[in-house]
Amino acid sequence: MNLLATFNDNDFEPTDYVDRPTVKAVIVNKNDEVLLFSKALPGGGVEEDETKEEALSRELMEEIGATVSIIRELGDVIAYRDALKMKYIFTGYQCSLVSLGAATTAQEDELQWGPVWDKRSDVISRLEQEVVVVKAKGREVYDLETYQRKIFNRETAIIFLKQVRK
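What comes next is a walk through the structure. As the structure is a prediction and not an experimental result, all values here were calculated from the model.

Residues F7, V26, V34, L41, V77, F160 and L161 are the most contacted members of the largest nonpolar core, which totals 28 residues. Listed by contribution, the elements that provide at least two residues to this core are β1 (3-7), β3 (33-37), β5 (66-81), β6 (86-100), α3 (120-137) and α4 (144-163). At eight residues, the largest contribution of residues to this core is made by α4. Ignoring sequence-local partners within four residues, the contact set of F7 consists of V77, I78, A79, Y80, F152, E155, T156 and I159. With 13 residues, the next largest nonpolar core counts V23, L56, Y93 and C95 among its residues.

A few words now on α3. Count 3.6 residues to each turn of an α-helix, and residues three or four apart come out pointing the same way. Helix length check: α3, at 18 residues, gives a terminal C-alpha distance of 26 Å against a target of 26 Å (1.5 Å per residue), a fit within 8%. Within α3, burial applies to R120, V123, I124, L127, V131 and V134. The buried residues of α3 occupy one face: seen down the axis, they fall within an arc of 100°. On its buried face, α3 sits against β3, β7 (115-119) and α4.

Taken in spatial order, the five strands line up as β1-β5-β6-β2-β4 in an open sheet, and their pairing is mixed. Sheet topology places β1 and β4 (43-45) at the edges, where each strand pairs with a single neighbour. Each neighbouring strand pair of the sheet contributes to a mean axis angle of 25°, computed without reference to strand direction. Bridge count between strand β2 (residues 18-27) and β4: three bridges; the pairing is antiparallel. Residue V23 lies in a different strand from β4, and its bridge partner there is G44. The sheet contacts of helix α1 (residues 52-64) involve β2, β4, β5 and β6, and relative to β2 the element is tilted by about 60°. Lying over the sheet, α4 contacts β1, β2, β5 and β6, oriented at roughly 135° with respect to β5.

Reading guide: rules and limits
Residues numbered from 1 in each chain as written. Predicted model: local features only at pLDDT ≥ 70, side-chain atom pairs only at ≥ 80, totals over all residues. Heavy atoms only, no water. Core = buried A, V, L, I, M, F, W, Y, C linked by side-chain atoms within 4.5 Å. Buried < 20%, exposed > 50% of the residue type's maximum accessible area, 1.4 Å probe, protein only. Helix = DSSP H or I, 4+ residues; strand = E, 2+ residues; numbered from the N terminus. Contact = heavy atoms within 4.5 Å. Expected span 1.5 Å × (residues − 1). Arc of directions from axis to C-beta. Pairing = 2+ DSSP bridges. Axes fitted to C-alpha atoms, helices over the stretch in contact; angles between N-to-C directions.

Here you go:
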């Protein structure tokens with residue numbers, strides 16, 4: 001495991017949290033644009049019977065209809081989500097796009113989103129600003145799960161985006 005960061009609001013490492021392996025793809029084109037889904041990196045949870053690479057392939061097809069070639073593994077980010085008692089283990093992959101077709105998702109909340117290309121530097125700047133805004137609003141505005149999800153998901157994406165080689 002190439003650990004890039006750990007997000008933990010506790011002064012200790014929780015030992016009673018359930019591991020949740022998760023994969024994220026950073027798909028960058030020759031113009032240094034990144035392919036996003038719902039303004040975020042595409043990806044999702046690894047099911048019990050699949051490898052991380054299989055999960056990445058499945059999630060990319062479901063969310064954006066993409067087939068990719070993995071260039072390299074970027075590393076891992078751990079995020080302890082206290083309200084859920086879950087230890088998210090995000091593995092990021094730098095990928096190149098092979099093909100883009102129709103998404104295969106059946107999830108209502110995912111049907112409204114399509115793939116969008118955006119400059120990698122602009123995405124990093126936007127995510128960094130969103131982290132500042134969420135932190136400024138503070139935990140009194142968000143419940144614990146929403147607060148941690150908003151912060152940790154954005155900070156994880158920033159780390160993976162900065163790991164990409166042109």
